[in-house]
Amino acid sequence: MTTAFSLAPLFRNSVGFDRFNDLFEAAARNEAGSSYPPYNVEKHGDDHYRIVVAAAGFQEQDLDLQVEKGVLTVTGGKRDNASEGVTFLHQGIAQRAFKLSFRLADHIEVKGAGLANGLLSIELLRIVPEEAKAKRIPINGDKPALN
């Protein structure tokens, strides 16, 4: 019986964001405390992605998005209790601070974000520059084109 651990399944989707999504989901399953807040990573077509974070109880001013060196960081700050004189008999809506980080693949840009119905949606788009796209090279039948 071998105890070797294969990383091959993590690299089977090696096109753009999909590979990083697999890597980070696998890492998140192993990290303690990484289940808050829950989130989805969605693919909408070849070049359009969306991250949806369940941010129940948070307002726009409580959330912060930053992209630095290819890492998207979503943070939610704990809001001051503005309702003075309120005593919670049960507080089931967690409003604790959180920080989520997502490594973005090359050429993935954050196009916008919106907060509606307790869900923070972050729109991502892959914009590949012309010089990075695949090029078809013509084959000259007679002679190589060396100049």
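Conventions used here
- The residue count restarts for each chain, going from 1 along the sequence in the order it is written.
- Since the coordinates come from a predicted model, pLDDT governs what is reported: local features require at least 70, and pairs of side-chain atoms require 80 or more to be given and counted, while whole-chain, interface and lining totals use all residues.
- With hydrogens and water stripped out, all remaining heavy atoms of the structure feed into the side-chain values.
- UniProt positions are given in the numbering used here, feature names are shortened, and annotations may be inferred rather than shown by experiment.
- Strand pairing requires that DSSP identify at least two bridges connecting the strands.
- Secondary structure elements follow DSSP: runs of H or I of four or more residues count as helices, runs of E of two or more count as strands, with numbering from the N terminus.
- Axis definition: a line fitted to C-alpha atoms, limited for helices to the stretch in contact. Angles are taken between N-to-C directions and run from 0 to 180 degrees.
- Any pair of Phe, Tyr and Trp rings, taking the six-membered ring for Trp, is counted once the centres come within 6.5 Å. Such a pair is stacked with planes under 30 degrees apart, edge-to-face with planes over 60 apart, and tilted for the rest.
- Three labels apply to residues, based on accessible area from a 1.4 Å probe with only protein chains included: buried if under 20% of the type maximum, exposed if over 50%, partly exposed otherwise in between.

- An unreviewed UniProt entry lists the protein chain under the name Hsp20 family protein, from Pseudomonas maumuensis.
- Under the heading Sequence similarities (unreviewed entry), UniProt records this for the protein chain: "Belongs to the small heat shock protein (HSP20) family."

## Section: the sheet that holds strand β3 (residues 63-68)
Thinking step 1. Taken together, three strands build an open sheet; the order of strands is β3-β4-β5 and the sheet is antiparallel. Whereas interior strands pair on both sides, the edge strands pair on one side only; in this sheet they are β3 and β5 (98-103). Put simply, the sheet's adjacent strands are angled 15° from each other on average, direction ignored.

## Considering the sheet that holds strand β1 (residues 39-43)
Thinking step 1. If you trace the four strands from one edge of the open sheet to the other, you get β1-β2-β7-β6, paired in antiparallel fashion. Of all the strands in the sheet, just β1 and β6 (108-116) have a single pairing partner and so form its edges. Across this sheet, the average inter-strand angle for adjacent strands is 20°, counted without regard to direction.
Thinking step 2. In the sheet, β6 pairs with strand β7 (residues 119-126) via eight bridges, with the strands oriented antiparallel. Directly across from Ala 116, in β7, lies its bridge partner Leu 119.

## Re the packing of aromatic side chains
Thinking step 1. In total, this model carries three aromatic pairs according to the counting rule given.
Thinking step 2. Ring geometry for Tyr 36 against Phe 98: centres 6.1 Å apart, planes inclined by 90°, an arrangement best described as edge-to-face. With Tyr 36 in the loop between α1 (17-30) and β1 and Phe 98 in strand β5, the pair connects residues that are 62 residues apart, well separated along the chain. Pair check on accessibility: Tyr 36 and Phe 98 agree, each one buried.
Thinking step 3. Measuring from ring centre to ring centre gives 5.4 Å for Phe 58 and Phe 98, while their planes differ by 85°; the resulting arrangement is edge-to-face. Placement of Phe 58 in the loop between β2 (48-54) and β3 and of Phe 98 in strand β5 is noted, with a sequence separation of 40 residues between them.
Thinking step 4. The class of Phe 58 is buried, set by a relative accessible area of 8%.
Thinking step 5. Classification of Phe 98 as buried rests on a relative accessible area of 6%.
Thinking step 6. Grouping aromatic residues by their ring pairs yields a cluster made of Tyr 36, Phe 58 and Phe 98.

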